[in-house]
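Residue-level listing of the chains:
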Amino acid sequence: MLFSDRPRTHYEKTLAHEVICQLRFPTILSINNVEPADFQERIREDFPQYARKQDVLPPQIVNGKPEPQPPVTNYHFLSQDGRWKLNLTKDFIALSTLSYPGWEEFARMLDKPLAAFIQFYKPAYFQRVGLRYLNIVSRTTLDLEDVSWRELFTPAYLGPMAEADLAEDRVVNCGCDTQFKLDSSCTAKIHAGIGRLKTNIPHAPQDPEVKFIFDMDLSMGGNTACGLAAAALETLHGHSSRVFEGAITDRLRDAMGR
């Protein structure tokens, strides 16, 4: 089954490499042109570090020809320890972390910036509410070096690797990409497969371990009223738990420390 009704579990070892929440809204041009001083003051206690960057967008195709797009100002607000990053542009506000402490803490860190953004910029609504979990499984970290992927993930996300007559050491590359509706307004895009993580640090040694990547990108479309944004994220989080629990096996649950 793709979806699990298991009770929500807090695992001792999380698989979440990065968690991102993004809320897109109709363009507010003033954000691109005026530094958000009042907004910063409201959130500065939790996000004291600030940087202003220019994002270069890919060319836009007009009448069959590529035309350059003007850069987009991207305001970065970081927590003191660098674990949390808040981004604000003329089109979206986003919160991300590489050290996921659990949903309750994540939602708490988003609460004040989201409320401040709505108060100062008064978006008409949110066009897209998104929640993404990039999960990476290292068998070495979990003491599962001799355990096959088919013992850790359900067949729906393994593709040919689910077959017992295909040895893992014969698989050069294997991935599964799917998109499906979760309910009348929510959609999930899932990528599942094996891969090696690469570092962009010059001359740094590369990690040779083959890991399993389970990337869940869940979103709610339509026009979500600002006052319902938190409820929309709770809905997406509930869906993410059902999808994640439906993807993993008891062997992996035990290794994570349920």
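Before any of the text, the structure's been laid out above.
What counts as what
Residues numbered from 1 in each chain as written. Predicted model: local features only at pLDDT ≥ 70, side-chain atom pairs only at ≥ 80, totals over all residues. Heavy atoms only, no water. Core = buried A, V, L, I, M, F, W, Y, C linked by side-chain atoms within 4.5 Å. Buried < 20%, exposed > 50% of the residue type's maximum accessible area, 1.4 Å probe, protein only. Helix = DSSP H or I, 4+ residues; strand = E, 2+ residues; numbered from the N terminus. Contact = heavy atoms within 4.5 Å. Phe/Tyr/Trp six-rings, centres within 6.5 Å; stacked < 30°, edge-to-face > 60°. Lys NZ or Arg CZ within 6 Å of the ring centre and 35° of its normal. Pairing = 2+ DSSP bridges. Salt bridge = Lys/Arg side-chain N within 4 Å of Asp/Glu carboxyl O. Axes fitted to C-alpha atoms, helices over the stretch in contact; angles between N-to-C directions.

Colleague: Could you clarify how one ought to interpret the nonpolar core in this entry?
Modeller: General note: in soluble globular proteins, nonpolar side chains tend to be found buried as a group. Among the nonpolar cores identified, the biggest contains 68 residues, and Phe39, Phe117, Phe153, Phe214 and Leu252 are the most heavily contacted of them. The biggest single contributor to this core is helix H3 (residues 103-121), with eight residues. Discounting residues that sit within four places of it in the chain, Phe117 has contacts with Phe25, Ile28, Ile31, Phe39, Leu88, Ile93, Lys122, Pro123 and Phe126.

Colleague: When you look at the packing of aromatic side chains in this model, what are you seeing that I'm missing?
Modeller: Given two aromatic rings, one states the distance between the centres and the angle between the planes to describe the pair. Tallied over the full model, the rule gives 16 aromatic pairs. On the basis of an interplanar angle of 20° and a centroid distance of 5.9 Å, the ring pair of Trp103 and Phe106 is categorised as stacked. Placement of both Trp103 and Phe106 in helix H3 is noted, with a separation of three residues, approximately one turn of the helix. Accessibility classification places Trp103 together with Phe106 in one group, the buried group. Positioned over the ring face of Trp149 is Arg139, at 3.8 Å from the centre of the ring.

Colleague: In this structure, what is going on with the pairing of strand E1 (residues 16-24)? I would like to understand it.
Modeller: For a regular strand, side chains alternate in direction, first toward one face of the sheet and then toward the other. Both E1 and strand E8 (residues 128-137) contribute to a ladder of eight bridges, which runs antiparallel. The residue of E8 that forms the bridge with Cys21 is Leu131. As paired strands, E1 and strand E7 (residues 92-97) are joined by six bridges and run antiparallel to one another. Counted as the bridge partner of Ile20 is Ser96 from E7.

Colleague: How do you make sense of the pattern of salt bridges when you look at a structure like this?
Modeller: Once the charged atoms of two side chains with opposite charge are near each other, the side chains can pair. Tallying each qualifying case throughout the model produces 19 salt bridges. Between Arg251 and Glu151 there is a salt bridge; the shortest N-O distance is 3.1 Å. In this pair, Arg251 is assigned in helix H5 (residues 250-256) and Glu151 in the loop between E8 and strand E9 (175-181), connecting sequence segments 100 residues apart. When salt bridges that share partners are traced, they join Arg6, Glu245, Asp250 and Arg253 into one network.

Colleague: Mind showing me how you'd approach the sheet that holds E7 here?
Modeller: Working definition: the strands of a sheet are paired by backbone hydrogen bonds and lie parallel or antiparallel to each other. Spatial ordering of the open sheet is given by E2-E5-E6-E7-E1-E8-E11-E10-E9, a layout of nine strands whose pairing is antiparallel. Strand pairing shows two members of the sheet lacking a second neighbour, strand E2 (49-55) and E9, which therefore form its edges. In this sheet, neighbouring strand axes are inclined to one another by 15° on average, regardless of whether the strands run parallel or antiparallel. Strand direction decides the pairing type here: E8 and strand E11 (residues 211-220), joined by nine bridges, are antiparallel. Within the sheet, the bridge partner assigned to Ile136 lies in E11 and is Ile213. Contacting E1, E8, strand E10 (186-195) and E11, helix H4 (residues 229-247) crosses the sheet at an angle of about 150° to E11.

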